[in-house]
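The lines below spell out each chain.
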Amino acid sequence: MAGRIQGITVEIGGDTTKLQTALKGVNTEIRNTQSQLRDVDKLLKLDPGNTELLAQKHRLLGDAVKETKEKLETQECACDCHAGECSTGNEGLS
């Protein structure tokens, strides 16, 4: 008779501190830019013809796009590194 195996627990652990640190900085920048955009939008409701506020909003939107690209690049880099570890079989052996 074959024995039955019970209670196997598989834990896949990975060190994500570098990724979390990198994303934390980018997320903070994104959050600050979004806050500034909200403030500018509130001011534009009071004075819609203010060209200085429109220029500031345009600059902040450009910053938001740049920061989002940085976040995407950070995530893609982490994904590529992880895929490289999986294909070589070095996952968890460091």
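Below is a summary of the structure that appears in this document.

Analysis parameters
- Residue positions within a chain follow its written sequence, with the count starting from 1.
- Only residues with pLDDT of at least 70 get local features here, since the model is predicted, and only at 80 or more are side-chain atom pairs given and counted; chain-wide, interface and lining totals rely on the full set of residues.
- The side-chain numbers reported here are obtained from all heavy atoms of the structure, hydrogens and water having been left aside.
- Strands here mean DSSP runs of E at least two residues long; helices mean DSSP runs of H or I at least four residues long; both are numbered from the N terminus.
- Accessibility here uses a 1.4 Å probe with only protein chains present; expressed as a share of the type maximum, an area under 20% marks a residue as buried, one over 50% as exposed, and anything in between as partly exposed.
- Here, two residues are considered to be in contact whenever any of their heavy atoms come within 4.5 Å of each other.
- Every accessible area reported is derived by Shrake-Rupley at a probe size of 1.4 Å, with residue values counting cover from the shown protein chains alone.
- Nonpolar cores are built from buried Ala, Val, Leu, Ile, Met, Phe, Trp, Tyr and Cys residues. Side-chain atoms within 4.5 Å join them into one set.
- Multiply 1.5 Å by the residue count of a helix minus one, and that product is the helix's expected span.
- All tallies of charge rest on Lys and Arg as positive and Asp and Glu as negative; His and the ends of each chain are not included.
- Whenever a carboxyl oxygen of Asp or Glu lies within 4 Å of a side-chain nitrogen of Lys or Arg, that contact is scored as a salt bridge.
- Any pair of N or O atoms that falls within 3.5 Å is considered a polar contact. Within protein, one atom must be able to donate a hydrogen and the other to accept it, and sequence-neighbouring residues count only if both atoms are side-chain atoms.

If you tally the helices and strands in the protein chain, you get two helices and zero strands. Across the 94 residues in the protein chain, those meeting the buried criterion constitute 11%. Relative to all contacts within the protein chain whose residues are 6 or more apart in sequence, the contacts with residues 24 or more apart total 57%. Only carbon and sulfur atoms are counted for the fraction: they give 55% of the accessible area of the protein chain, which is about 7900 Å².

The biggest cluster of nonpolar side chains holds five residues, and these are Leu-37, Val-40, Leu-44, Leu-53 and Leu-60. Elements with a minimum of two residues in this core: helix H1 (17-46) and helix H2 (51-88). The dominant element in this core, judged by the number of residues it contributes, is H1, at three residues. Those residues in contact with Val-40 that sit more than four places away from it in its chain are Leu-53, Gln-56, Lys-57 and Leu-60.

This brings us to H1. With 30 residues, H1 extends 44 Å between its outermost C-alpha atoms, agreeing within 8% with the 44 Å of an ideal straight helix rising 1.5 Å per residue. Of the positions making up H1, those classed as buried are Leu-23, Val-26, Ile-30, Thr-33, Leu-37, Val-40 and Leu-44.

Attention now moves to the side chain of Glu-67. Among the secondary structure elements, Glu-67 is positioned in helix H2. Lys-66 provides the closest opposite charge to the buried, salt-bridge-free Glu-67, at an N-O distance of 5.2 Å. Apart from residues no more than four positions distant in its own chain, Glu-67 is found in contact with Val-26, Glu-29, Ile-30 and Thr-33.

Tallying each qualifying case throughout the model produces three salt bridges. Across the salt bridge formed by Lys-57 and Asp-41, the nearest N and O atoms sit 2.9 Å from each other. With Lys-57 in helix H2 and Asp-41 in helix H1, this pair connects stretches of sequence that are 16 residues apart. The class for Asp-41 is partly exposed, based on a relative accessible area of 30%. In this structure, Asp-63 and Arg-59 form a salt bridge, with 3.4 Å as the shortest nitrogen-oxygen distance. Of the two residues, Asp-63 and Arg-59 are both situated in helix H2; the distance of four residues between them amounts to about one turn of the helix.

Moving on, we get to the side chain of Thr-33. Within the secondary structure layout, Thr-33 lies in helix H1. Those residues within four positions of Thr-33 in sequence are excluded, and the remaining contacts are Leu-60, Asp-63, Ala-64 and Glu-67.

A few words on the environment of Lys-57. A relative accessible area of 25% places Lys-57 in the partly exposed class. Not counting residues up to four positions away in its chain, the partners in contact with Lys-57 are Leu-37, Val-40, Asp-41 and Leu-44. Reaching out from Lys-57, the side chain makes a polar contact with the side chain of Asp-41 at a distance of 2.9 Å.

Limitation: the analysis is restricted to geometry and does not speak to function.
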